[in-house]
Amino acid sequence: MQTYGIRWVSLDNLEEAKIALAQIGSDPGGIAHMAGKALGRAIKLEQVPLWVAHILKQEMLSVGGDAAVHRNVIVNKIEVTDVMLLGTVRQLGQLSSKILAQPFGLKKVGHDLKQLLAALEPSKTRILKCRGRELMLGERTLIMGILNLTPDSFSDGGKYYSIENAIAQAKHMIEEGVDIIDIGAESTRPQHEVVSAEEEWRRIEPVLKTLLEQVAIPVSIDTYKASVANRALDAGAHMINDIWGMQRDPDMARVVGEYQVPVIAMHNQEGTNYHHLMGDMLTFLRKSIELAEEHGLSGDQIIVDPGIGFGKTTEQNLEVMARLAEFRTLGHPVLLGTSRKSMIGKTLNLSVDERLEGTLATSILGVVAGVDIIRVHDVQANCRAVQMADAIVRKQRGGHYVGA
């Protein structure tokens with residue numbers, strides 16, 4: 001009996017769909033029309049007013065898709081509902097065009113939907129300017145090396161506390177292939193000792209100034225204190241990494257805006273209670289993005305970090321890891337930091353110094369999910385693992401694979 005070699009073809013974006021159609025000899029004029037039909041997407045909107053939900057469902061049905069809403073919407077018994085738009089990329093694109101012409105605030109929904117669909121496509125290669133130094137985004141996954149200047153960090157506290165050891169470690173990471181060095185001078189482990197801004201800067205200043213004279217790659221400062229960020233940027237630091245997403249210190253967004261430097265905005269919160277885990281996290285990060293934009297930053301200058309290990313249980317951290325690709329909907333570069341964290345230790349029942357393999361697994365998952373930067377302690381091992389994953393994943397996304 002003839003089976004015609006039936007099989008499933010994995011297509012994740014429009015470029016892959018176009019290549020697959022071209023390989024079977026489809027008409028070039030029809031490929032652009034058909035490619036969007038090959039990709040299914042589920043787009044969720046939260047807390048939508050009842051009348052908007054009705055319009056979205058009707059319009060989605062009119063283009064051949066569907067929309068899932070709360071069961072009481074049909075009898076008008078609720079005022080708001082979450083909406084799940086279900087359709088192909090082509091259908092969702094048609095929907096966005098139709099509602100762009102609608103009144104009552106639907107134009108904003110249409111605009112946001114167009115932006116979201118674009119964000120799910122592979123990112124183009126572009127240059128991120130860091131005050132005279134440059135990072136190439138989109139070509140490969142970048143590696144950020146952790147340099148802790150603390151006596152009490154959860155992983156390597158005290159190891160690089162002296163200036164000599166810190167500089168030697170930074171140079172060692174550069175030899176191993178690191179792209180960015182991230183200096184932190186206050187531990188963020190659970191029950192850590194809070195240090196003053198003066199003490200934090202006292203630890204950072206000599207190492208930062210020496211590094212800026214001796215290394216050619218961007219140097220990031222891991223701080224949530226605006227005064228420390230201001231001093232570091234005045235001394236010549238290239239970017240800021242804020243574990244509170246510019247929402248703990250009200251002056252942080254102003255400082256990074258004045259210096260026009262890239263900023264990493266991490267999700268964080270007190271406690272582990274969420275209404276919707278991913279929805280709440282994205283809402284937090286959107287607020288951070290808005291703060292940065294209000295002070296003149298835009299696009300790739302704003303980097304988002306899901307904050308693995310911060311304000312989340314192990315189970316929540318694992319869920320976030322499984323859904324990393326969803327952070328691409330924000331339309332900004334994504335940084336992932338899982339190195340040696342308790343999620344790995346608790347999952348594998350391993351001490352801090354035994355978590356390399358677990359870290360490598362999460363780094364590779366990050367590459368598959370499309371993150372742009374991986375933040376790690378063990379640079380060489382992660383560089384090699386990420387380079388291998390990039391060779392597989394990024395070439396496929398770039399359309400250089402054959403045999404579809």
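Each chain carries its own residue numbering, running from 1 in the written order of its sequence. Local features in this predicted model are restricted to residues of pLDDT 70 or higher, and side-chain atom pairs are both shown and tallied only at a pLDDT of 80 or more, whereas totals for entire chains, interfaces and linings draw on every residue. No hydrogens and no water enter the side-chain calculation; it runs on all heavy atoms of the structure.

Caption draft 1: Region of interest: the packing of aromatic side chains. Pairing of aromatic side chains requires ring centres within 6.5 Å, counting the rings of Phe and Tyr and the six-membered ring of Trp. Pairs whose planes differ by under 30 degrees are stacked, by over 60 edge-to-face, and all others tilted. Considering all chains together, one arrives at zero aromatic pairs under this definition. For a lysine, the NZ atom is tested; for an arginine, the CZ atom; a charge sits over a ring if that atom is within 6 Å of the ring centre and within 35 degrees of the ring normal. Stacked on the ring of tryptophan 244, the Lys or Arg arginine 248 has its end atom at 3.9 Å from the ring centre.

Caption draft 2: Structural view of helix H1 (residues 14-23). Every buried residue belonging to H1 is among Glu16, Ala17, Ile19, Ala20 and Leu21, and all of these are buried. N or O atoms closer than or at 3.5 Å make up a polar contact, with two conditions inside protein: a donor-capable atom paired with an acceptor-capable one, and, for residues adjacent in sequence, both atoms drawn from side chains. Secondary structure is summarised from DSSP: a helix means a run of H or I of at least four residues, a strand means a run of E of at least two, and numbering begins at the N terminus for each. Two to three positions downstream of the cap, the backbone nitrogen of glutamate 15 sits 3.2 Å from a side-chain oxygen, assigning the N-cap of H1 to asparagine 13. Following H1 by one or two positions, glycine 25 has its phi on the positive side, about 90°. Burial here depends on accessible area, computed with a 1.4 Å probe over protein chains only, as a share of the maximum for the residue type. Under 20% is buried, over 50% is exposed, and the range in between is partly exposed.

Caption draft 3: Spotlight on the sheet that holds strand E2 (residues 66-68). Strand order in this open sheet of three strands is E1-E3-E2, and the pairing throughout is antiparallel. Both outer strands of the open sheet, strand E1 (40-49) and E2, are each paired with one neighbouring strand and no more. Shown here is a sheet whose adjacent strand axes are inclined to one another by a mean of 25°, direction ignored. Where E1 meets strand E3 (residues 80-88), eight bridges bridge the pair, whose relative direction is antiparallel. Of the residues in E3, the one forming a bridge with alanine 42 is leucine 86. Whether two residues are in contact is decided by their heavy atoms: any pair within 4.5 Å suffices. Simply put, an axis is a line fit to the C-alpha atoms, just over the touching stretch for a helix, and the angle between two N-to-C directions goes from 0 to 180 degrees. Relative to E3, helix H4 (residues 89-100) is tilted by about 125°, and along the sheet it contacts E1 and E3. Two strands qualify as a pair provided DSSP detects at least 2 bridges between them.

Caption draft 4: Inspection of the sheet that holds strand E8 (residues 219-222) at higher detail. Taken together, eight strands build an open sheet; the order of strands is E11-E10-E9-E8-E7-E6-E13-E12 and the sheet is parallel. Taken across any chain shown, the strands that pair with only one partner, and hence form the sheet edges, are strand E11 (302-305) and strand E12 (335-337). Strand-to-strand twist in this sheet, taken as the mean axis angle between neighbours without regard to direction, amounts to 25°. One ladder, built from four bridges, connects strand E7 (residues 180-184) with E8; its direction is parallel. Bridging from a neighbouring strand, isoleucine 183 pairs with isoleucine 221 of E8. Sitting on the sheet, helix H10 (residues 277-294) is in contact with strand E10 (263-266) and E11, with an inclination near 160° to E11.

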